[in-house]
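One-letter residues, chain by chain:
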Amino acid sequence: MGKYVYSFKEADYRNKKLFGGKGASLIQMSQLGLRVPPGFIITTEACKKFYEPRREEIAELEAALLKNPPPEVRDQVIEKLHKVIDSLELPQEIWREAVEYMKRLEEETGRKFGDPNAPLLVSVRSGAAVSMPGMMDTVLNLGLNDETVKGLAKWSGNEWFAYDAYRRFLQMFGKIVLSIDEKLFSSAWEEIKRKYGAKEDPEVPLEGLKEAVERFKQIILRERGGFPQDPWEQLRLAIKAVFKSWMSPRAIFYRIIEKITPDVADCTAVNVVTMVFGNVGWDSGTGVVFSRDVATGENKLYGEFLPVAQGEDVVAGIRTPMDIEEFRKRFPHLYDELYRGVKLLERVNKDVQDVEFTVEKGVLYFLQARNAKMTALARVKTAVDMAKEGIITREEAILYVKPDHVLQLLYPRIDPKAKAKPVAQGLPASPGAVSGQVVFHPDDAVRWAAEGKRVILARVETKPDDVHGFYAAVGILTSRGGMTSHAAVVARAIGKPAVVGAESVEIHEEEKYLKIGDIVVKEGEWITIDGHTGNVYIGVVPTIEAELIPELEELLSWADQVRRLGVRANADLPDDAAIARKFGAEGIGLLRIERMFRKPERLELLRRIILAESAEERRPYLEKLYKALKEDFKEVFRIMDGLPVIVRLIDPPLHEFLPKPEEVLEQIYQRKMRGEDASELEKLYKRVKALQEANPMLGHRGVRVGVTHPDFYYYLNRAILEAAAELKKAGHNPVVEIMIPQVADAREIVFVKEKSIIPALRDVEKEFGVSLNVKIGTMVETVRAALTIDEIAKHVDFISFGTNDLTQAVFSFSRDDAENKFIPQYLELEILDANPFETLDVKGVGKLVEYAAATAKEVNPSIEVGVCGEHGGDLKSIYFFHKTKVDYVSASPFRVPLARLAAAQAAILQSK
Ligand code: PEP
Ligand code: MG
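Residues numbered from 1 in each chain as written. Chains lettered and ligands numbered in written order. Predicted model: local features only at pLDDT ≥ 70, side-chain atom pairs only at ≥ 80, totals over all residues. Heavy atoms only, no water.

This part takes up the site of ligand 1. Contacts to ligand 1 come from 13 residues, most closely from R592, G802, N804, D805 and R815. G802 is positioned with one of its backbone polar atoms (N or O) 3.3 Å from an oxygen atom of ligand 1. Alone, ligand 1 offers 290 Å² of accessible surface; in the complex the protein occludes 95% of this. For the shell around ligand 1, the secondary-structure elements that each account for two or more residues are β25 (588-592) and α32 (803-811). Classifying every residue of the shell around ligand 1 by side-chain character gives three nonpolar, four polar and six charged. (Near = heavy atom within 4 Å. Polar contact = N/O pair within 3.5 Å; in protein donor to acceptor, adjacent residues only side chain to side chain. Areas by Shrake-Rupley, 256 points an atom, 1.4 Å probe, with all protein chains shown as cover. Helix = DSSP H or I, 4+ residues; strand = E, 2+ residues; numbered from the N terminus. Nonpolar A, V, L, I, M, F, W, Y, C, P; charged D, E, K, R; others polar.)

The following block contains the structure:
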């Protein structure tokens, strides 16, 4: 035979599954010697036993609700569920045990259940293993009846208080236990208030309360055949009601939304606790206190106290409570006791505490404690402070902070106090919240920004040509594109908030307006985007500024000491490198150089290079271009002085740098209309058409450009190497590594090395009279590169997994389209567990990474292995990379702190 009931003294507080969170805290506090009103817990096992006889039917109905059926079906299911549950009875053995523990409670308190002279009153409270605030039921003041109310009046010396408690109890019992429509009670109460001219409840005189008691009993008589005066009957029904509330529709829906599965919490416990009253007089009251300031993390009690009140009054916000500082002044000895208790709990639970308490006639009682919820700022500060105070270890502090908290600390956020309503939602591509005047063309963004305006660039989708607009804008909004689309990657890299793929936003670039449902936003009107949530708002929504607090720096320095994985940053331009270094990157894992071609004069040179038909024709442009690029490289190398910088040779298809054929055609037409010569343009049109590809992502790009245009790659290498040589001569320490993208075969590497990299190196070393120790490596982002890594690894000093392209290739999912076309549905249907462009697909892509990393090291033990896809900044993916032969991850600059923390967490968790 099982045991279903435990007193606070005999149970184990660590067993939250059995006793629920509230029960566990009552047990713990009472065992720590804090003053807790005596009581006992009926376990979650008892709850399961209660449901046992009709378990299967209930499970079926619950499963039907889980499917989120249409409202008519849902209501029918709920009705059936109620019928089934109403037929259940409290099992005899559970009731017998409960009665036995009530007797013990009587002995302990010296009061008796139902005794008019010294009545014992209890609260009957729900409490599952995880907090489900307000989702289940609780009954207070149980044990009151026509006789015991007189005893309560005598004990308190306050008849008004006793009848107020009684009328509250009747209403609560009627509603929760007997399922009577609450309106019947509230309208009767309103009538009484009117009759006595009372605006607020406390103004109703004693007579009015007695009248309410009578009327409430009448309602119960009419609706349910009478109110049970017998406290034992009240208790039996209340326990049953709390068990039943586990299956209330709101509790079921809450569990669905919060993903509370039976392994997390299965059924509710029932806490039966002796009542203490915060509303018996001015030396009584009730409050909530946190062991530290949950907004700022400051180490001082934070909370409030409401005199002459019961718990529900605080929640209802009828009166303004006093600050805990005021409480300290008024009741110094109580404050001291509270402080000691709260801090003791903090020490034992190793977390900031959220504690409910009541003062009854000058005596303090602890009613509940749980780990506090707090802001990201407070999380980080308290983690570091608690470690320094010896409450937690440094490792515990590292685990205590969620990497998301770190992200939140680095970007501005929507002020939650603003209570703004979003009008659309896209993918949260790059964190941060900003407001700006909307513009629809990158050139407009630049122009407006030059006039000192803050603009948000809204585009259907973006392409490399738009990037000057990105830099000018404070934020980016697109209606198409996924988390690794161009807009998303660039925005993250440069730390600009972005919402992408907001498909309900119709963007009319030419006409310069956007439309969301009926709302039209014209150029120049203000919008706000939140890259944390993907929300889009009309107008200016207040934001809170980000800050890099010293505590975060300290925590990250502890993280650096325990992590195995290195952390580098992805960068495009010198500015990114500066941010990366500030955030603690140990180098640049991927310098994407494409953006360096975007300055108009450079773009023009590049276009001429692409359009030239022979190496001779190309050379003068290449000569000019490489000198310009060199300056950018020098700046990056200078910023990262002493740390490795991996420069990737040009990657995208070349036609991305050319005008579209339709645009050229349009210009030809215009010229001809004006009677002008269009032969040059016609030549351009032919070239552009010839360069067009059906599948540009699988086309003439990356190393393939290097193979077909070795002179182009030669000059790129010269730019990189001359930059290094000049700096070296000037006494700096550039650590340069050159990376070849899109490789599928080792011979591509051999070719590019022979034809471009080595000649450039030789020439530069000779001309500058310096020796450059340059590493040469390759991206592993095609499936074939991963599969033939045994050959590839022999020819390189390092490899870096381009997990964006690798994911695209392994799934055959377009990285630009999949995320807002079908991936959401795949996630909903649980065909995919996570978006593979965000979190590395361990089963498929991960297998290749694991194999290729290990094989590369076998073949070439000194080879360095990195990851530079977006997964390098993703928590779960970092946990995975930690377990492979990967040496470091490279993340966008704003994700570097997150990666440092996540890598440390991976190391700590693995050693446990
Ligand atoms: C990748 O493919 O993962 C990568 C880092 O390169 P890009 O995103 O520039 O294609
Ligand atoms: Mg790539």
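Relative orientation of the contacting elements helix α5 (residues 92-109) and helix α10 (residues 231-245) amounts to 125°, with a least axis distance of 12 Å. Taken together, the axes of α5 and α10 are oblique relative to one another. At the point where α5 passes α10, the crossing takes the right-handed sense. When α5 is examined against α10, the residues W95, A98, V99, M102, K103 and E106 are found in contact with a partner set consisting of W232, L235, R236 and I239. Residue composition of the contact of α5 with α10, by class: seven nonpolar, no polar and three charged. (Axes fitted to C-alpha atoms, helices over the stretch in contact; angles between N-to-C directions. Parallel < 35°, antiparallel > 145°, perpendicular 65-115°, else oblique. Left-handed = near helix turned anticlockwise from the far one by under 90°. Contact = heavy atoms within 4.5 Å.)

Our next topic: the pairing of strand β9 (residues 353-360). Burial analysis of β9 places seven of its eight residues in the buried class, which makes it a mostly covered element. Across six bridges, strand β6 (residues 285-290) lies against β9 in antiparallel orientation. Considered in β9, the bridge of T286 is made with T358. Sheet analysis places β9 next to strand β10 (residues 363-371), joined by eight bridges and oriented antiparallel. Bridged to E356 within β10 is Q368. Between β9 and β10, which pair antiparallel in sequence order, lie two residues; one of them, K361, sits at a positive phi of approximately 45°. (Buried < 20%, exposed > 50% of the residue type's maximum accessible area, 1.4 Å probe, protein only. Pairing = 2+ DSSP bridges.)

All right, on to helix α21 (residues 550-562) then. An ideal rise of 1.5 Å per residue puts 18 Å on 13 residues; α21 measures up with 19 Å between its terminal C-alpha atoms. Within the span of α21, buried status applies to E551, L552, L555, L556, W558 and A559. Along the axis of α21, the buried positions cluster into a sector of 155°, meaning they face one direction only. For α21, exposure combined with an orientation more than 90 degrees from the buried face picks out P550 and Q561. Packing partners of the buried residues in α21 comprise α15 (376-388), α16 (394-400), α17 (403-410) and α37 (896-911). (Expected span 1.5 Å × (residues − 1). Arc of directions from axis to C-beta.)

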